[in-house]
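Summary of the model geometry
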Amino acid sequence: MLEPSLLLETMETHYKMFHQNIDNLLIWHYNQLYAHFLLKDTKIVQEEYTKIIRMKDAKVKGHKLSPLYNWDFIDALYLFSRKDYKQSFNCFKKTNIQNLNNREKLHYYYQFSNLCRVMHNRSMEEECIKKIRQIGGTSKIIEVVNHENE
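One structure accompanies this document, and this report is about it. (Residues numbered from 1 in each chain as written. Predicted model: local features only at pLDDT ≥ 70, side-chain atom pairs only at ≥ 80, totals over all residues. Heavy atoms only, no water.)

**Some words on the overall build of the chain**
For the chain, the helix and strand inventory stands at nine helices and two strands. In the chain, the succession of helices and strands from N to C terminus is α-α-α-α-β-β-α-α-α-α-α. Structurally, the chain occupies a C-alpha span of about 50 × 30 × 30 Å along its principal axes. Here the chain holds 150 residues, and 43% of them are scored as buried. Looking at the chain as shown, the accessible area adds up to about 8900 Å², and 50% of this sits on carbon and sulfur atoms. Between the mean site of the 22 positive side-chain charges and the mean site of the 18 negative ones, the chain shows a separation of 5 Å. (Helix = DSSP H or I, 4+ residues; strand = E, 2+ residues; numbered from the N terminus. Buried < 20%, exposed > 50% of the residue type's maximum accessible area, 1.4 Å probe, protein only. Areas by Shrake-Rupley, 256 points an atom, 1.4 Å probe, with all protein chains shown as cover. Lys, Arg positive; Asp, Glu negative; His and termini not counted. Charge placed at Lys NZ, Arg CZ, Asp CG, Glu CD.)

What follows is the structure, given as structure tokens:
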């Protein structure tokens, strides 16, 4: 999924579906945040982050949001985009990766490795890359990591 423009285009195509209920709306805002994070559009990342945080404890007809995403990971991405590397690092470390599926883990470790690279923490970056390779699969992230580390 390292093609944020394609993600945004797909989401626009299904705009109505993403605005049918609060859980779908969270999916919309999360993917907007992540796509714009990848595009390095900090203004939209800020806007989407604000919307997501407002939704965090919201209730609609007595129902809270489904636990679809890890809040620490969302915070880590936001802080990374703001160049608050130390706080982002702390949020990455707090993220409970046990509750992530393999696709989510790939994104987690990939973004964490990118942060570690920026922070010149080579050992932690290598640890993340090792985890990505252990997960494996056919994700574009595997291709990118292998290409970046040849």
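**Notes on the environment of Pro4**
You can see Pro4 is positioned in helix α1 (residues 4-13). Judged by relative accessible area, Pro4 falls into the buried class, the value being 10%. Discounting residues that sit within four places of it in the chain, Pro4 has contacts with Ala35, Leu38 and Leu39. (Contact = heavy atoms within 4.5 Å.)

**Quick look at the nonpolar core**
Among the nonpolar cores identified, the biggest contains 38 residues, and Tyr30, Phe73, Leu77, Phe92, Tyr108, Phe112 and Ile132 are the most heavily contacted of them. Sorting the residues of this core by element identifies α3 (22-38), α4 (42-56), α5 (71-81), α6 (85-94), α7 (102-118), α8 (122-135) and α9 (140-148) as the ones contributing at least two each. Among all residues touching Tyr30, those that are not within four sequence positions of it are Ile52, Tyr69, Phe73, Ile74 and Leu77. One finds Leu8, Met11, Trp28 and Ala35 within the second-largest nonpolar core, a separate group that totals six residues. (Core = buried A, V, L, I, M, F, W, Y, C linked by side-chain atoms within 4.5 Å.)

**As for the pattern of salt bridges**
Using the criterion set out here, one finds seven salt bridges in the structure. When the shortest N-O distance is used, the salt bridge between Glu47 and Lys43 registers 3.1 Å. With a gap of four residues between them, Glu47 and Lys43 both fall in helix α4, about one helical turn apart. Where salt bridges share partners, they join Arg117, Arg122, Glu125 and Glu126 into one cluster. (Salt bridge = Lys/Arg side-chain N within 4 Å of Asp/Glu carboxyl O.)

**Description of α1**
Every α-helix winds through 3.6 residues per turn, so residues three or four apart in the chain are directed the same way. Along α1, the positions that sit buried rather than exposed are Pro4, Leu7, Leu8 and Met11. Each buried residue of α1 sits inside an arc of 95 degrees when the element is viewed along its axis, so together they form one side. Exposed residues pointing more than 90 degrees away from the buried face of α1 are listed as Glu9 and Thr13. For α1, the secondary structure elements touched by its buried residues are α2 (15-18) and α3. (Arc of directions from axis to C-beta.)

**Some points on the packing of aromatic side chains**
Considering all chains together, one arrives at 15 aromatic pairs under this definition. Here Tyr30 and Tyr69 contribute two aromatic rings whose centre-to-centre distance is 3.9 Å and whose plane-to-plane angle is 20 degrees, an arrangement assigned as stacked. With Tyr30 in helix α3 and Tyr69 in the loop between β2 (63-64) and α5, this residue pair connects regions lying 39 residues apart in the sequence. On the numbers, 5.0 Å between centres and 75 degrees between planes, the contact of Tyr108 with Tyr109 is edge-to-face. Exposure remark for Tyr109: the relative accessible area of 8% places this residue in the buried category. (Phe/Tyr/Trp six-rings, centres within 6.5 Å; stacked < 30°, edge-to-face > 60°.)

**Some thoughts on the side chain of Glu104**
Here Glu104 shows up in helix α7. Although Glu104 is buried, it forms no salt bridge, and the closest oppositely charged side chain is Arg103 at an N-O distance of 4.2 Å.

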